[in-house]
Amino acid sequence: MAEQRVYTLAVLVDNEAGVLSQVSRLFSRKGYNIESLAVGPTHRNDESRITIEVISDDDQIILLANQLRKLLTVHSVNILDNEKSLRRELVMIKVMAPDSEIRNEIIQIANIFRGQIVDVSVGALTIALIGDENKIKGLEKILSEFEIIELVRTGYVALERGLDTIYNDTKEKGEFNYGKNVL
Amino acid sequence: MQLTGAQIVLECLREQEVDTIFGYPGGTILNIYDALYEYRDCFTHILTSHEQGASHAADGYARSTGKVGVCFATSGPGSTNLITGIATAYMDSSPVVFITCNVSEGLIGKDSFQEVDITGITMPITKCNYMVRDVHKLADIIREAFAVARSGRPGPVLIDIVKNVTAEKAEYTPVPRSEHYASGRIARLLQKSLYKFDMPRVDNNDIDILIKMISESKKPLLICGGGVVRSRSQAEFMMFAEKIDAPVAVTVMGGGGFCGRNPLTTGMIGMHGSQASNMACDGCDLLIAFGCRFSDRVALDPASFAKQAKIVQIDIDRAEINKNVKTDHHIVGDVRQVLNMLNVRLGRYNHQEWKDYVFSYPTETEYDDLDDKLTPKQILATIARVMPQDTIVATDVGQHQMWAIQHFHFDYAGQLLTSGGFGTMGFGLGAAIGAQVGNPDKTVIHITGDGSFRMNCNELATEEHYDLPIITFVFNNSTLGMVRQWQNLIYNKHYSQTTLDRGPDFVKLAEAYGLMGRSVCNVEELEAAINDAMASKKGCVIDCRIETDEMVRPMVGGGSHITDFIIS
C-alpha cells in the first residue's frame, strides 16, 4: 500500500442545489472519511469553491480527482501542493471565565496567538482565531487548562501561492472538457 | 405560445426529433399522458408490462439506432422500477433520457403517496439528473438533458418533474436543435469550459507520438472496445486495422465494432476470450485500445496485463485513462475523430510473422456434437445460416451471452445488444423490443437462458401486442449455467441454488401470450422452427435443449493472468 497522508483538494463547482452532495458522495463511495470541508461562493457569478481534505495516497487521490472532474457541475479540481499553498481555518472557542483574573489571563493568551475576543459575557469569553493546524492546536492546548465549553472550526480553505490559480488552463483540463463538451 | 408543462415536454421531444417513447403511466405523470393523447400523431408510445422492460427497451432502441432513447415512468415505484435499466445504460454508456414525474410541490418531502427521491437515488447511475420545480425552466432543462445524454461519452440522464409543473403554463418558443447551443443552459455549460472551446479537437502531438510508436512496433495488437460501437466508427477502425496489419481483439461491448468475418479478428478477449486474443495480449509489444476501459473482465489482473507491451489508451472520457491499467500513452478524443487523424498519417505495414504466431491459436472454441441435445455452437451456427446476416442480436446475461458473442460474427455497430458492464439478467427481451421498434425492417432475435428469460418474460405481452416478430432462443440447460460453471470449477461442485428444475413450460408460456412456441433438441427441429417462425412473421419462443454441464470455454479465473486458462 502506498503512503497515506492528508491531501487538500480545491474543487470549483456550479453554485447549485445538489452539487455538494454529488461531490461528497464520491468520497463516501470510495470509503474516504472527509477530514475537513469548507464551501463558499467565489468572486465569480454562480460559482462555488469547495476545499476538501482527505487521507489518501498518491495514486488514489488522482483517481478521485478524475472522478470529480468528470461531473458536469464541476469546473475544475486542483490537488494542492502543501508546500506551495496557503491553508487557513477559523476556530471559535468559548471558555469559562468565572472571575476577572481568569478573564485577563485568557485575554493575554489570545493576544499572544493573535486571536480576537469576539464575545465577552458574564462568566464566559469567546475567542476567534485564524490559522493553520499548529496554531489552532497550540491555542486549544493552552486553553484546555481552563474550561472550554464549546469549540467550532470552519474547515480549511486553501489557495495556491503566487500567480497560479485554479483557473489556469492545462492540457489535462482540456482533455476533461473534451468529454463534457457537446459534440 | 402559452403551453402547459406537459405540452412543453412533448414539444421538446419533437425538437429532438423523438418519435418513439417507451413507458408506463401512473398518477403523477397523468398530465403528460393526457397531453400525449393530444399529440398521438407525433409519437409512437410503447406500453410495456413493467417499467424495467420499458427502460431496457429505450436502451435497446438507443443502442441499435444510435439515437437517444426516451422512457417515461411515474413517481415512486414507477421510477424505482427503472433503476436497473438506468444502471445498465450507465455502465454501457447508452444515451437514454428518462422522464419521471414526482408528487406536487406541496407534497414533496412529506412521504406522500408514491413519493421517492429519485434524483437522489439515481445520482450515481446517471450522467446528470434534474429535478424540475419551475415550469419556466422546463424546456431549457430538457434541451440540456438531451445534449448531455448524447454528447461526449453518452449515458443516461433523468429528469424528474413535479406534478404541478406539468399542469402549469409557461411561454414556449420552439428552438430547432441546431440552435440549442446558442442559448440557455447549454450555452452556459459551454462557456464554463475554461479550455478554449470551439469544436473539441484531438491533440496533434498525441497523434504523432502514436504514429511513431506504431512505426517502432513489430507486434501490435488492437482492442476494439465499446467506444468504437458508440461512435459508429467501424469503417474507420477497419481501415486502421488493415493499414497497420494488426490482429484485433474485441471486447464484449466492442462486438460489432470490427467485422467478425475479417481475417484480422482474434475474437473476444478477457475472461472468456479466445486463446488467440489472450495469447496475443500476452505477446504483443504495442497494445492500442480504442474506447475500452480495461474492465476486470478484460484486464483480469491489471498489474500483469500486457506488461511486456507499451499500452496506448484512446478514450473520450479522460477519467478512464489510467483508471484500471497504467498506460504508456493516451489520446483523449472521439474514436472516429482520432481514427480519421491516424488514418491520414499512417503508412502501410506488414506483420505477417506476428499474425502467423497469433493465429496459430484458435479464435473460436470447438464443441463435440451430441446425439440427443443441441450444442451452443450448433444453435448459433444454425441461426447464422438460416437467418439474415444483418440480424440484430439482443442477449441476456450468462453462458448464452458469452457463447453468442464468441460464435456470432457481428458485422456492424449496433448489431449486438448486450449488458456488458452491469451484467443485467433480463435485459434482452426489453432490448430486443426496443431494437425491433427502432428497426422495423430488420430481423431481431433474443438469445437468452432459462434463468434470464424467467426474469422478464412478462414483456412477451408487449411483443405480442405490438406485433413484433422477435424470435427468442432459450438456451435451456435447466440451471443457472454460468453460476453452475463457477460452482463446478471453483466451488467443489456444490450446486447451491442453481438448479432450475421447475416450470414454466416455455412453449405453453409463449402460447399463453399468443405467440408461437417450439421445443427443439436437434438441428433439423431448430431449423424447421426458425423457418416456421420467420414465415409466420410473429413473435416466437424456441426452447433449445442443451447439456446441463456444458461450459463456456476457454475461461480464465477472475484476477488471474490473462493466459492462465482454467479450462481451454
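Please read all numbers here as calculations on a predicted model, not as lab measurements. (Residues numbered from 1 in each chain as written. Chains lettered and ligands numbered in written order. Predicted model: local features only at pLDDT ≥ 70, side-chain atom pairs only at ≥ 80, totals over all residues.)

### Here we look at the overall build of chain A
Okay, so step 1: Helices and strands together make up the secondary structure of chain A, namely five helices and nine strands.
Okay, so step 2: Taken along its principal axes, the extent of the C-alpha atoms in chain A is 70 × 40 × 30 Å.
Okay, so step 3: Looking at chain A as a whole, 28% of its 183 residues qualify as buried.
Okay, so step 4: Look at the contacts in chain A between residues 6 or more apart in sequence, and 75% of them connect residues 24 or more apart. (Helix = DSSP H or I, 4+ residues; strand = E, 2+ residues; numbered from the N terminus. Buried ≥ 20, exposed ≤ 12 C-beta atoms within 10 Å, placed from the backbone. Contact = placed C-beta atoms within 7 Å.)

### Focus on the interface of chain A and chain B
Okay, so step 1: Taken residue by residue, the interface counts 24 residues in chain A and 25 residues in chain B.
Okay, so step 2: Only α1 (19-29), α2 (58-70), β4 (74-80) and α5 (171-180) of chain A provide two or more residues apiece to the side of chain A that touches chain B.
Okay, so step 3: With eight residues, α5 of chain A is the largest single contributor of residues to the side of chain A that touches chain B.

### Digging into helix α3 (residues 51-65) of chain B
Residue and element names in this part refer to chain B.
Okay, so step 1: With 15 residues, α3 extends 21 Å between its outermost C-alpha atoms, agreeing within 8% with the 21 Å of an ideal straight helix rising 1.5 Å per residue.
Okay, so step 2: With 14 of 15 residues buried, α3 lies mostly within the body of the structure.
Okay, so step 3: Backbone geometry just after α3 places glycine 66 at a positive phi near 80 degrees. (Expected span 1.5 Å × (residues − 1).)

### Quick look at the pairing of strand β20 (residues 540-545) of chain B
Residue and element names in this part refer to chain B.
Okay, so step 1: When you tally the buried positions in β20, you get six out of six residues, the bulk of the element.
Okay, so step 2: Neither face of β20 is left uncovered, since the one carrying Cys540, Ile542 and Cys544 and the one carrying Val541, Asp543 and Arg545 both have all their residues buried.
Okay, so step 3: The sheet contact formed by strand β18 (residues 471-476) and β20 spans six bridges and is parallel. Pairing of phenylalanine 473 across the sheet is with isoleucine 542, part of β20.
Okay, so step 4: Sheet analysis places strand β19 (residues 516-520) next to β20, joined by five bridges and oriented parallel. When the bridges of β20 are listed, glycine 517 appears paired with valine 541.
Okay, so step 5: For the handedness criterion, the β-α-β arrangement of β19, helix α23 (residues 523-536) and β20 is classed as right-handed. (Pairing = 2+ DSSP bridges. Right-handed = clockwise from strand over helix to strand, strands pointing away.)

### Some words on the domain arrangement of chain A
Residue and element names in this part refer to chain A.
Okay, so step 1: The assigned domain composition of chain A is domain 1 (5-80) and domain 2 (87-157).
Okay, so step 2: Breaking the side of domain 1 that touches domain 2 down by element, the ones donating at least two residues are β2 (34-41) and β3 (47-56).
Okay, so step 3: Ranked by the residues each element gives to the side of domain 1 that touches domain 2, the list is headed by β2, at three residues.
Okay, so step 4: Its residues assigned to classes, the side of domain 1 that touches domain 2 shows two nonpolar, three polar and one charged. (Domains from an automatic or database assignment. Nonpolar A, V, L, I, M, F, W, Y, C, P; charged D, E, K, R; others polar.)

### Looking at the confidence of the model for chain B
Okay, so step 1: With 98% of its residues at a pLDDT of 70 or more, chain B has an overall mean of 95.
Okay, so step 2: Segment residues 194-198 of chain B: pLDDT under 50, and eleven contacts once partners within four positions in sequence are set aside and those in other chains are kept. (pLDDT = per-residue confidence, 0-100.)

### Details of helix α12 (residues 234-244) of chain B
Residue and element names in this part refer to chain B.
Okay, so step 1: Of the positions making up α12, those classed as buried are Gln234, Glu236, Phe237, Phe240, Ala241 and Ile244. Down the axis of α12, the buried set is contained in an arc of 160 degrees. They therefore lie on one face.
Okay, so step 2: Each element contacted by the buried residues of α12 is listed here: α10 (204-216), β9 (220-224), α11 (226-230), β10 (248-250), β12 (286-290) and α14 (335-345).
Okay, so step 3: A positive phi of about 55 degrees marks aspartate 245, the residue just after α12. (Arc of directions from axis to C-beta.)

### Focus on the packing of helix α16 (residues 376-386) of chain B against helix α17 (residues 399-407) of chain B
All names here are of chain B.
Okay, so step 1: Following both chains from N to C, one finds α16 and α17 inclined at 55 degrees, their axes separated by 10 Å at the closest point. Relative to α17, the element α16 is oriented oblique. Of the two elements, α16 crosses α17, and the hand of that crossing is right-handed. Residues Pro376, Lys377 and Leu380 of α16 lie in contact with α17, whose contacting residues are Trp403, Ala404 and His407.
Okay, so step 2: Considered class by class, the residues forming the contact of α16 with α17 number four nonpolar, one polar and one charged. (Axes fitted to C-alpha atoms, helices over the stretch in contact; angles between N-to-C directions. Parallel < 35°, antiparallel > 145°, perpendicular 65-115°, else oblique. Left-handed = near helix turned anticlockwise from the far one by under 90°.)

### Focus on the sheet that holds strand β1 (residues 5-14) of chain A
Residues and elements named next belong to chain A.
Okay, so step 1: Reading across the sheet, the four strands line up as β2-β3-β1-β4 and stay open at both edges, with antiparallel pairing between neighbours. Only two strands of the sheet have a single partner each, and these edge strands are β2 and β4. Across the sheet, the mean angle separating the axes of adjacent strands is 15 degrees when strand polarity is ignored.
Okay, so step 2: Where β2 and β3 come together, seven bridges link them in antiparallel fashion. Bridge pairing in β3 links leucine 37 to isoleucine 52.
Okay, so step 3: Contacting β1, β3 and β4, α2 runs over the sheet at an angle of about 165 degrees to β4.

### Overview of the environment of leucine 64 of chain A
All names here are of chain A.
Okay, so step 1: Within the secondary structure layout, leucine 64 lies in helix α2.
Okay, so step 2: Through-space distance from the C-alpha of leucine 64 to that of leucine 9 is 10.0 Å; in sequence the pair is 55 residues apart.
Okay, so step 3: Look past the residues within four positions of leucine 64 in its chain and what remains in contact with it is Leu26, Lys30 and Ser56.

### Structural notes on the sheet that holds strand β5 (residues 96-102) of chain B
Residues and elements named next belong to chain B.
Okay, so step 1: As summarised here, the arrangement of the six strands in space is β3-β2-β4-β5-β7-β6, forming an open sheet in which the pairing is parallel. The open sheet has two edge strands, β3 (44-47) and β6 (128-132), and neither has a second partner. Sheet twist, expressed as the mean angle between neighbouring strand axes with direction ignored, is 20 degrees.
Okay, so step 2: Pairing geometry for β5 and strand β7 (residues 157-162), over six bridges, is parallel. From the neighbouring strand, asparagine 102 faces β7, where its bridge partner is valine 162.
Okay, so step 3: α3 contacts β2 (20-23), β3, β4 (69-73) and β5 of the sheet and is inclined by roughly 165 degrees relative to β4.

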